[in-house]
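Notes for the structure review
Below are the chains, spelled out letter by letter.
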Amino acid sequence: MKDNLKGVGIWGQLHYQYLKETRPSLIGVMRMNGELNSYLRDVNEQADEMNSQLVKEIAKREGVTEKLKAEDQMAWVGAMNNIRDRVREIVLKEVIYV
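This report concerns the structure included in the present document.

The rules behind these values
- Residues numbered from 1 in each chain as written.
- Predicted model: local features only at pLDDT ≥ 70, side-chain atom pairs only at ≥ 80, totals over all residues.
- Heavy atoms only, no water.
- Helix = DSSP H or I, 4+ residues; strand = E, 2+ residues; numbered from the N terminus.
- Rg over C-alpha atoms; globule rule 2.2 N^0.38 Å.
- Buried < 20%, exposed > 50% of the residue type's maximum accessible area, 1.4 Å probe, protein only.
- Contact = heavy atoms within 4.5 Å.
- Areas by Shrake-Rupley, 256 points an atom, 1.4 Å probe, with all protein chains shown as cover.
- Lys, Arg positive; Asp, Glu negative; His and termini not counted.
- Charge placed at Lys NZ, Arg CZ, Asp CG, Glu CD.
- Phe/Tyr/Trp six-rings, centres within 6.5 Å; stacked < 30°, edge-to-face > 60°.
- Lys NZ or Arg CZ within 6 Å of the ring centre and 35° of its normal.
- Patch = residues over 30% accessible without salt bridge, like charges linked within 9 Å, V, L, I, M, F, W, Y side chains within 5 Å.
- Salt bridge = Lys/Arg side-chain N within 4 Å of Asp/Glu carboxyl O.

Further remarks concern the overall build of the chain. The helix and strand inventory of the chain stands at five helices and zero strands. Listing the helices and strands of the chain from first to last along the sequence gives α-α-α-α-α. For 98 residues, the compact-globule estimate of 2.2 N^0.38 gives 13 Å, and the chain exceeds it by more than 25% at 17 Å. Summarising its shape, the C-alpha atoms of the chain cover approximately 55 × 20 × 20 Å along the three principal directions. The proportion of buried residues among the 98 residues of the chain is 31%. For the chain, long-range pairs separated by at least 24 residues make up 72% of all intrachain contacts whose partners lie at least 6 apart in sequence. When the accessible surface of the chain is summed, it comes to about 6,700 Å², and 51% of that surface belongs to carbon and sulfur atoms. Averaging the locations of the 15 positively and 15 negatively charged side chains of the chain gives two centres separated by 3 Å.

On to the packing of aromatic side chains. How two aromatic rings sit relative to each other is set out by the distance from centre to centre and by the angle between their planes. Taken as a whole, this structure holds one aromatic pair when the rule is applied. Over the ring of Trp76 we find Lys69, and its NZ or CZ is 4.6 Å from the ring centre.

Turning next to a negative patch on the surface. A surface patch of negative charge is lined by Asp42, Glu45, Asp48 and Glu49. Looking at where Glu45 falls in the secondary structure, it is placed in helix H3 (residues 36–61).

By the definition in use, this model includes two salt bridges. Between Glu62 and Arg86 there is a salt bridge whose closest N-O contact spans 2.9 Å. A residue pair is termed long-range when its members are at least 10 positions apart, and Glu62 in the loop between H3 and helix H4 (66–71) and Arg86 in helix H5 (residues 73–96) qualify at 24 residues. On the accessibility criterion, Arg86 (33% relative accessible area) is partly exposed. Two residues, Glu71 and Lys67, come together in a salt bridge whose shortest N-O distance is 3.9 Å.

In structure tokens form, the structure reads like this:
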């Protein structure tokens, strides 16, 4: 059965794929109860908030500021990409793959 995942966001879709592979019966129960999309939207919102908050916190802690962006754009881009990659791994481990 194909689920309509409109509006669940990228994090919700990733969690759906994880559940589909590891806990398909849970998807079936949520589908029957009409809870699947709202659950996935909640997961997406939680992961998105965590992602945004961690990027801000780590950038501040590591001194990746607007001043650095103005002075050395390439260093800022590299640092932000590194932070985003690390945060993505944290969000995947703590929210998506649970």
